[in-house]
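Now for the letters of each chain:
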Amino acid sequence: MSSLKVGVLSGGRSGEHEVSRNSARSIIAHLDQERYTVTDVVIGRDGVWSVDGTPTSFGQALGVLAEQTVVLPAMHGPYGEDGTVQAMLEHLGVTYVGNGVLASAAGMDKEFTKKLLAADGLRVAPGVVLRRGSVLPEFRLPVFVKPARAGSSLGVSRVTRAEDLAAAVDLAFASDDKVLVEPEIAGREIDVAVLEFPDGRIEAGPPLEIRVTGDGFFDYSAKYAAGATFDIPARLDPATTALLQDTAIRAFRALDCRGLLRVDFFLPPSGEPVLNEVNTFPGFTAASQFPQIWAAAGIPFPQLLDIIIGTALGASRDSLV
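Residues numbered from 1 in each chain as written. Predicted model: local features only at pLDDT ≥ 70, side-chain atom pairs only at ≥ 80, totals over all residues. Heavy atoms only, no water.

## Let's talk about the nonpolar core
Move 1: With 30 residues, the main nonpolar core has Ile27, Leu31, Leu72, Leu195 and Phe284 as its most contacted residues.
Move 2: At six residues, helix 10 (residues 301–313) tops the list of elements feeding residues into this core.
Move 3: Excluding residues that lie within four positions of it along the chain, Leu31 makes contacts with Val6, Val8, Tyr36, Val38, Leu305 and Ile309.
Move 4: Residues Ala103, Val192, Phe252 and Cys257 belong to the second largest nonpolar core, which totals 23 residues. (Core = buried A, V, L, I, M, F, W, Y, C linked by side-chain atoms within 4.5 Å. Buried < 20%, exposed > 50% of the residue type's maximum accessible area, 1.4 Å probe, protein only. Helix = DSSP H or I, 4+ residues; strand = E, 2+ residues; numbered from the N terminus. Contact = heavy atoms within 4.5 Å.)

What follows is the structure, given as structure tokens:
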């Protein structure tokens, strides 16, 4: 049996370079070596490309990508998850895993994510958009201040004192030219993973609850160092579970997604869930939320990779030989 040629693309110039590389290493380790021939394509922090550890020119790297049966862009943050890499792959005519240009760009920009989802009737977290030179209005505290187009909670602050607001805004502007200020929503943090199968089915996995130790929130260090634990499935009644899953699938369709999506919610003590943000290519290590959710649903990591590759190819899993 001939194997499929899979190019795993990672790295990039964003602040999530190492997170992307960790996802790629985990993906490569879990791909079935008998089913796939894998090529590791990396974009350095300096923009220099390499193929299987050997530096190469941009043109040569594009040639390698064009030879693949399918490319898996394990890119996080700007310069990769935001539609830029997806547009490049479209120009190459290469089949690739995951969301297309529109869904990637809209999902990366929290302002437009909210607008699109709200237009589809979904309840989203409110917020005020600031751009450089904006007059800083007064806010009822506490608030969260975050870059509008950066991932993994980079540059995010929780502000409880008015005198700390300007510094939090400056920190967010260090990562982006557009900043969101959102009122704190009291409630549980719940993630729902959405997966499209090769036969066209779209399903949501069991909800995951994030519990952060101490008085912190789920920021970059809590995600990638320590301080957070996941409950899968979250302790929810069946009706709430069904509502979260249905809302996540509605968000998937509203953003014209394909392949996969992670949807993050706040669940207030009373009332319907509030959709906070989406992630069009979530973390893909074995410890990341998306693979953990599907593992809890009975889909181990290697099979999950088979599914997202099969969906990209428009083929059933049994035909991936």
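Alright, that's what it looks like, and here's the rest.
## Overview of the packing of helix 4 (residues 101–108) against helix 5 (residues 110–119)
Move 1: Interhelical geometry of helix 4 versus helix 5 gives an angle of 110° and a closest axis separation of 5 Å. As judged from the angle between their axes, helix 4 and helix 5 are roughly perpendicular. Along the contact surface, helix 4 presents Ala106, Gly107 and Met108, while helix 5 presents Lys110, Phe112, Thr113 and Leu116.
Move 2: Its residues placed into classes, the contact of helix 4 with helix 5 shows four nonpolar, two polar and one charged. (Axes fitted to C-alpha atoms, helices over the stretch in contact; angles between N-to-C directions. Parallel < 35°, antiparallel > 145°, perpendicular 65-115°, else oblique. Nonpolar A, V, L, I, M, F, W, Y, C, P; charged D, E, K, R; others polar.)

## So, the sheet that holds strand 4 (residues 54–56)
Move 1: Sheet architecture is open: five strands sit in the order 4-3-2-1-5, paired in mixed fashion. Two strands bound the open sheet, and with one partner strand each, they are strand 4 and strand 5 (70–73). Put simply, the sheet's adjacent strands are angled 30° from each other on average, direction ignored.
Move 2: Of the strand pairs in this sheet, strand 2 (residues 36–43) and strand 3 (residues 49–51) are connected by three bridges, and their pairing is antiparallel. Note on strand 3: the bridge partner recorded for Val42 is Ser50.
Move 3: Against the sheet, helix 1 (residues 17–30) contacts strand 1 (4–11), strand 2 and strand 5, and its axis sits at roughly 160° relative to strand 1.
Move 4: Contacting strand 1, strand 2 and strand 5, helix 10 runs over the sheet at an angle of about 125° to strand 5. (Pairing = 2+ DSSP bridges.)

## Quick notes on the packing of aromatic side chains
Move 1: The final tally for this structure, using the stated rule, is five aromatic pairs.
Move 2: One aromatic cluster is present, formed by Phe281, Phe284, Phe290, Trp294 and Phe301 through successive ring pairs.
Move 3: The side chain of Arg13 reaches across the aromatic face of Tyr79, ending 4.2 Å from its centre.
Move 4: The cationic tip of Arg201 hangs over the ring face of Phe197; the distance from NZ or CZ to the ring centre is 4.1 Å. (Phe/Tyr/Trp six-rings, centres within 6.5 Å; stacked < 30°, edge-to-face > 60°. Lys NZ or Arg CZ within 6 Å of the ring centre and 35° of its normal.)

## Quick notes on unusual backbone geometry
Move 1: A cis amide bond, omega 0°, links Leu141 with the succeeding residue Pro142.
Move 2: Among the structural elements, Pro142 can be located in the loop between strand 6 (128–131) and strand 7 (143–147).
Move 3: Here the amide bond leading from Ile232 into Pro233 is cis, since omega sits at 0°, within 30 degrees of zero.
Move 4: Take Pro233: it is sitting in the loop between strand 13 (228–231) and helix 8 (238–254).
Move 5: Phi angles above zero are rare outside glycine, and Tyr79 is one such case at about 65°.
Move 6: Within the fold, Tyr79 resides in the loop between strand 5 and helix 3 (84–92).

## Overview of the sheet that holds strand 9 (residues 178–183)
Neighbouring strands of a sheet are bound in pairs by backbone hydrogen bonds; such pairs are parallel or else antiparallel.
Move 1: With antiparallel pairing, the four strands of this open sheet are ordered in space as 6-9-7-8. Each of the sheet's edge strands pairs with one partner strand only, and the pair in question is strand 6 and strand 8 (157–159). Neighbour-to-neighbour, the strand axes of this sheet turn through a mean angle of 25°, independent of strand direction.
Move 2: Alignment of strand 6 against strand 9, held across four bridges, turns out to be antiparallel. Note that in strand 9 the partner of Leu130 across the bridge is Val179.
Move 3: Packing of helix 5 onto the sheet brings it into contact with strand 6, strand 7 and strand 9, and relative to strand 9 it is tilted by some 55°.

## Quick notes on empty space enclosed by the protein
Move 1: This model, assessed by the stated rule, comprises one cavity of 30 Å³ or more.
Move 2: Looking at the largest cavity, its volume works out to about 60 Å³.
Move 3: Lining the largest cavity, in full, are Pro73, Met75, Gly80, Glu81, Gln86, Val97, Gly98, Asn99, Ser104, Thr280 and Phe281.
Move 4: Tallied by class, residues from the lining of the largest cavity come to four nonpolar, six polar and one charged. (1 Å grid on protein atoms, 1.4 Å probe; cavity = no way out; pocket = protein on both sides within 12 Å on 5 of 7 lines; lining within 4 Å. Points joined across faces, edges and corners; volume = space filled by probe spheres on them.)

## Points about the side chain of Arg21
Move 1: By the secondary structure assignment, Arg21 is in helix 1.
Move 2: Judged by relative accessible area, Arg21 falls into the buried class, the value being 11%.
Move 3: Discounting chain neighbours no more than four positions away, the residues touching Arg21 are Ser10, Gly11, Asp40 and Val42.

## Details of the confidence of the model for the protein
Move 1: Mean pLDDT over the protein: 92, with 93% of residues reaching 70 or higher.
Move 2: Counted against residues more than four places away or in other chains, residues 315–321, with its pLDDT under 50, gives 16 contacts. (pLDDT = per-residue confidence, 0-100.)

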